[in-house]
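Residue-level structure breakdown
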Amino acid sequence: MPQQQTLIVIKPDGLVKSLTGNILTRLSETKLEIIAAKMVRVSEELAREHYQHMKDKPFFDELVSYLQGKLHNRRKVLAMVYWGDEAIEKVRNLAGATNPEKADPTSIRGSYGRITSKGVYENVIHTSSNPEEAEREIKLWFEPDEIIQDVYPTKTAVLDKVKKRAWAQI
Ligand code: IDP
Ligand code: MG
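Residues numbered from 1 in each chain as written. Chains lettered and ligands numbered in written order. Predicted model: local features only at pLDDT ≥ 70, side-chain atom pairs only at ≥ 80, totals over all residues. Heavy atoms only, no water.

In the region of ligand 1, 14 residues are neighbours, and His-53, Arg-92, Thr-98, Tyr-121 and Asn-123 sit closest. One of the side-chain N or O atoms of Lys-11 is found 3.1 Å from an oxygen atom in ligand 1. One of the backbone N or O atoms of Tyr-121 is found 2.9 Å from an oxygen atom in ligand 1. Notes on ligand 1: free accessible area 530 Å², of which the protein chains cover 83%. Residues of the shell around ligand 1, tallied by class, amount to seven nonpolar, four polar and three charged. (Near = heavy atom within 4 Å. Polar contact = N/O pair within 3.5 Å; in protein donor to acceptor, adjacent residues only side chain to side chain. Areas by Shrake-Rupley, 256 points an atom, 1.4 Å probe, with all protein chains shown as cover. Nonpolar A, V, L, I, M, F, W, Y, C, P; charged D, E, K, R; others polar.)

Right, let's talk about unusual backbone geometry for a bit. Positive phi, close to 60°, is recorded for Lys-31, a residue that is not glycine. Looking at where Lys-31 falls in the secondary structure, it is placed in the loop between α2 (20-28) and β2 (33-40). Non-glycine residue Asn-73 carries a positive phi angle of around 55°. As for its placement among the helices and strands, Asn-73 is situated in the loop between α4 (60-68) and β3 (77-85). (Helix = DSSP H or I, 4+ residues; strand = E, 2+ residues; numbered from the N terminus.)

Attention now moves to a positive patch on the surface. A contiguous patch of positive charge on the surface is contributed by Arg-41, Lys-70, Arg-74, Arg-75 and Lys-76. Look at Lys-70 and you get partly exposed, because its relative accessible area is 41%. (Patch = residues over 30% accessible without salt bridge, like charges linked within 9 Å, V, L, I, M, F, W, Y side chains within 5 Å. Salt bridge = Lys/Arg side-chain N within 4 Å of Asp/Glu carboxyl O. Lys, Arg positive; Asp, Glu negative; His and termini not counted. Charge placed at Lys NZ, Arg CZ, Asp CG, Glu CD. Buried < 20%, exposed > 50% of the residue type's maximum accessible area, 1.4 Å probe, protein only.)

So yeah, pure geometry; function would need other evidence.
In structure tokens form, the structure reads like this:
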């Protein structure tokens, strides 16, 4: 069985509904390992890039606003990388179908998702659907040093004059 990594994002509706603990418990059924996790304030640029394959859909702008948390007044998501045997399929099966009304009622999306009056599927969780998508998404959301394991080849980049925030005192 292939060892894979997959991106999981608990979307703003999942956070607003206090589902984080519940979703993590459901995901633990897979026996996969969490190899990265962080809270992210999603920029419009990141949201548009993440959902680039939906850019011609009539609901694209609404979808971008949804991922940014603008529909829920909760400007954050929990982004994670899970790793292990058949990680992509295992997590997608647990997440359920894209349309929450069609998803198996015992799946995460079937249990907690809904369709908004504007027609966006609020389905609580994002999960990568194949290895190519997982690679694109993990590289979009995470720096190599934020992942506890080497999942893709890296290179050393020497950065000059890069401004970054640091603790004022340590
Ligand atoms: P996935 O999240 O199951 O991989 P995608 O087809 O990649 O599904 O769509 C990305 C997201 O766009 C979905 O999770 C959902 O929030 C939204 N979406 C997809 N299809 C529709 C639709 O037909 N109507 C409304 N929202 C949709
Ligand atoms: Mg998808």
